Amino acid sequence: MTGLTLHELQIDDTIEYVRVQWVDLHNTIRFRVLTREYFLHLLQSAKFPPGISITKSVLGLVFLTCAPGFGAVDEYLYAFDLASLRRCAYAPGHAALLGTFLEKHPGPNGIYPPTPLCPRTNLARLTALAAQSPARASFLVGVETELILLTSTNPLVPVNTAGWSNSTATPSGSVAARAIQDIASACTRAGVEVLMYHSEATPGQYEIVTGPMTPLEAADALVHTREAIYNVSASHGLRATLAPRPFPHLCGSAAHTHVSMRSGHASPNIYEAPSTTHPGTLTHLQASFLKGLLDHLPAALAFTLPTRASYARMGARRAGGTYVAWGAENREVPVRLCRLPGNAAACDTNFEFKSVDGTSSPYLAIGAIIAAGLIGTRAGEEVREPNYVGETPVGALGEEEWAGLCAQVGGAQSEEPRVRRRLPLDLGAARAALVDDAAFREAMGPELVDAYLGVNLTLDDLLNEGTEAEIVTRLVENF
């Protein structure tokens, strides 16, 4: 099932309203509800691209506080993207769509330019750059969304105490079983492919896995999935949260992001040829993408793990670890190479990026992954880190053991022993890594990075006011 077409909207009298949605720089989903008649009227506008006017403070407004550099004087034109139109099964009578933030004043050519601060536009730009690169790279993205269902946010009370994939977590007729099934159904009816759902390790925790789409489609689908999670849960008298670790003594929630890539380069396609450093495991394109991703992973975390709470989930032995590393089917490294069961061919693999959670903007998180990898594919150098598949966590290896593994990587014998690189252990270190990584800043867009840093600092200050209990409640009520 696909999304909603304009023609279907025009003839379907059961749809009375259109939710014009956007996601700001600190991952708040916002919307305005237009009547269908007014929405269709705006589509006939001859003076402007069809859209609505929104204050320029909108991308940097945190709990009614403007981040540095944002004000309420001027306006953006938020232009509708009809390709993102979907039916809201979680809100009968409503449809929803996203758009693009444009400067309201046209340039000399009469075109309304997009603002570089628009996260959605930036992801589209990065995807286009990859497609125009010598590798002609294209991507598919799928996401595992973990959530916790609560009956109370103050104090925090999970809907049940069941565990990972336990049948007792979803007994037929229970409020949790009805809610999680209705969430999956709402996504499916909106054209978002749901592959599976199941209970997770923490009480009240579930996971919904959505299928692969192009990067922009995947980010849009994730916005719709999160809205379905929040709204359907509320209709059952529950509160859903994507907070990284609301219960400090239990496992946290993530948004593991799977990325596969292909090269559309003309034959013979050197980019799909076997890697020289990891032949039989990676293609050249995958090995160069992975090198860029690992080299710029510390800076990317500022976008994919954007709150203090994000780092409470990360540990040396769990949730991706705290060292820059990758491994085939290794669930305890930041980047896992996943293969289809029974098939070791590189063309049937994808990278699972584990260091991302539900407090991150889908557009910024997916954009950061692509931006980091794109730096690598442009340079053409291949990853030198070993394919780490050992049972011992990377952090527990001695330096000599790590150097020995690196020496086994093809062509690496002539290099200096590779030192294990630490990932940022807190939000401040991640922001510092972003500031210091000039190549990654350029790839993500310097104006967007600077604006994001100001917004992230403002969010951090406001999220972490008060007692520990107040901070946790604020987090789960906002994410």
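None of the values given here were measured: they were computed from a predicted structure. (Residues numbered from 1 in each chain as written. Predicted model: local features only at pLDDT ≥ 70, side-chain atom pairs only at ≥ 80, totals over all residues. Heavy atoms only, no water.)

**Concerning the overall build of the protein**
- Scanning the protein for helices and strands turns up 14 helices and 18 strands.
- A globule of 479 residues ought to have a C-alpha radius of gyration of about 23 Å, and the protein, at 22 Å, matches this closely.
- Based on the C-alpha atoms only, the size of the protein along its principal axes is roughly 70 × 60 × 45 Å.
- Taking all 479 residues of the protein together, the buried fraction comes to 56%.
- Long-range contacts, defined here as pairs at least 24 residues apart, represent 69% of the contacts in the protein between residues at least 6 apart.
- When the 36 basic and 47 acidic side-chain charges of the protein are each reduced to a single mean position, those positions are 2 Å apart. (Helix = DSSP H or I, 4+ residues; strand = E, 2+ residues; numbered from the N terminus. Rg over C-alpha atoms; globule rule 2.2 N^0.38 Å. Buried < 20%, exposed > 50% of the residue type's maximum accessible area, 1.4 Å probe, protein only. Contact = heavy atoms within 4.5 Å. Lys, Arg positive; Asp, Glu negative; His and termini not counted. Charge placed at Lys NZ, Arg CZ, Asp CG, Glu CD.)

**Considering the pattern of salt bridges**
- The final tally for this structure, using the stated rule, is 19 salt bridges.
- Among the ionic pairs, Arg 87 bridges to Asp 12, the shortest N-O distance being 2.7 Å. With Arg 87 in strand β7 (residues 86-87) and Asp 12 in the loop between α1 (6-11) and β1 (17-23), this pair connects stretches of sequence that are 75 residues apart.
- Overall, the relative accessible area of 32% leaves Arg 87 in the partly exposed class.
- Residues Glu 352 and Arg 336 are paired through a salt bridge, measuring 2.9 Å at the closest nitrogen-oxygen approach. One end of the pair, Glu 352, is in strand β18 (residues 349-353); the other, Arg 336, is in strand β17 (residues 335-339), with 16 residues separating them in the sequence. (Salt bridge = Lys/Arg side-chain N within 4 Å of Asp/Glu carboxyl O.)

**Remarks on the pairing of β18**
- A large share of β18 lies buried, amounting to four of its five residues.
- One ladder, built from five bridges, connects β17 with β18; its direction is antiparallel. Counterpart to Val 335 in the pairing with β18 is Phe 353. (Pairing = 2+ DSSP bridges.)

**Focus on the packing of helix α3 (residues 119-132) against helix α5 (residues 215-235)**
- Between α3 and α5, the shortest axis-to-axis distance is 9 Å and the interhelical angle comes to 155 degrees. The angle between α3 and α5 falls in the class roughly antiparallel. Where α3 abuts α5, its residues Arg 120, Leu 123, Ala 124 and Thr 127 lie against Pro 215, Leu 216, Ala 219 and Asp 220.
- Looking at side-chain class alone, the contact of α3 with α5 contains five nonpolar, one polar and two charged residues. (Axes fitted to C-alpha atoms, helices over the stretch in contact; angles between N-to-C directions. Parallel < 35°, antiparallel > 145°, perpendicular 65-115°, else oblique. Nonpolar A, V, L, I, M, F, W, Y, C, P; charged D, E, K, R; others polar.)

**Some points on the nonpolar core**
- Core analysis: the biggest nonpolar cluster contains 132 residues, and Phe 303, Phe 440 and Met 444 have the highest contact counts within it.
- Looking at which element gives the most residues to this core, the answer is helix α9 (residues 362-379), with ten residues.
- Within the second largest apolar cluster, eight residues are counted, among which are Tyr 323, Val 333, Tyr 388 and Val 394. (Core = buried A, V, L, I, M, F, W, Y, C linked by side-chain atoms within 4.5 Å.)

**Regarding the packing of aromatic side chains**
- All chains considered together, the criterion is met by nine aromatic pairs.
- Measuring from ring centre to ring centre gives 4.9 Å for Phe 39 and Phe 80, while their planes differ by 40 degrees; the resulting arrangement is tilted. In this pair, Phe 39 sits in helix α2 (residues 36-43) while Phe 80 sits in strand β6 (residues 75-80), placing the two residues 41 residues apart along the sequence. Each member of the pair Phe 39 and Phe 80 is classed as buried.
- Among the aromatic side chains, those forming a connected cluster through ring pairs are Trp 22, Tyr 76, Tyr 78 and Phe 101.
- Positioned over the ring face of Tyr 323 is Arg 420, at 5.1 Å from the centre of the ring. (Phe/Tyr/Trp six-rings, centres within 6.5 Å; stacked < 30°, edge-to-face > 60°. Lys NZ or Arg CZ within 6 Å of the ring centre and 35° of its normal.)

**Quick word on the sheet that holds strand β3 (residues 51-55)**
- Reading across the sheet, the three strands line up as β3-β6-β9 and stay open at both edges, with antiparallel pairing between neighbours. Of all the strands in the sheet, the pair left with one neighbour each is β3 and β9 (99-103). Put simply, the sheet's adjacent strands are angled 35 degrees from each other on average, direction ignored.

**Quick look at helix α6 (residues 284-295)**
- Helix length check: α6, at twelve residues, gives a terminal C-alpha distance of 16 Å against a target of 16 Å (1.5 Å per residue), a fit within 8%.
- In terms of residue burial, α6 counts as a mostly covered element, since eleven of its twelve residues are buried.
- Inspection of α6 places His 284, Leu 285, Gln 286, Ala 287, Ser 288, Phe 289, Leu 290, Lys 291, Gly 292, Leu 293 and Leu 294 among the buried residues, and these make up the whole buried set. (Expected span 1.5 Å × (residues − 1).)

**Concerning the environment of Arg 474**
- Note that Arg 474 resides in helix α14 (residues 468-478).
- Here Arg 474 falls in the partly exposed class, since its relative accessible area comes to 21%.
- Distance from Arg 474 to Pro 158, taken between C-alpha atoms, is 16 Å for residues 316 residues apart in sequence.
- With sequence-adjacent residues up to four places away left out, Arg 474 is seen in contact with Phe 63, Leu 462, Leu 463, Asn 464 and Glu 465.
- Here the side chain of Arg 474 touches Leu 463 through a polar contact of 2.8 Å, landing on its backbone oxygen. (Polar contact = N/O pair within 3.5 Å; in protein donor to acceptor, adjacent residues only side chain to side chain.)

**With respect to the side chain of Arg 441**
- By secondary structure assignment, the location of Arg 441 is in helix α12 (residues 438-444).
- Look at Arg 441 and you get buried, because its relative accessible area is 17%.
- Here Arg 441 is in contact with Leu 434, Val 435, Pro 446, Val 449, Asp 450 and Leu 453, once residues within four sequence places are set aside.

**Focus: the packing of α6 against α9**
- Running from N to C, α6 and α9 cross one another at 120 degrees; their axes reach a closest spacing of 6 Å. Compared by their axis directions, α6 and α9 come out oblique. The handedness of the crossing between α6 and α9 is right-handed. From α6, Leu 285, Ser 288, Phe 289, Gly 292 and Leu 293 reach across to α9, where they touch Ile 369, Ile 370, Ala 372, Gly 373, Leu 374, Gly 376 and Thr 377.
- Here the contact of α6 with α9 is built from residues that sort into seven nonpolar, five polar and no charged. (Left-handed = near helix turned anticlockwise from the far one by under 90°.)

**What to know about helix α11 (residues 427-436)**
- Taken residue by residue, α11 has Leu 427, Ala 430, Arg 431, Ala 433 and Leu 434 as its buried positions. Buried residues of α11, viewed axially, fall in a sector of 160 degrees; they line one side.
- Along its buried surface, α11 packs onto α7 (297-304), α8 (308-313), α12 and α13 (446-463).
- Of the residues that open α11, the one with a side-chain oxygen 3.1 Å from the backbone nitrogen of Gly 428 is Asp 426. (Arc of directions from axis to C-beta.)

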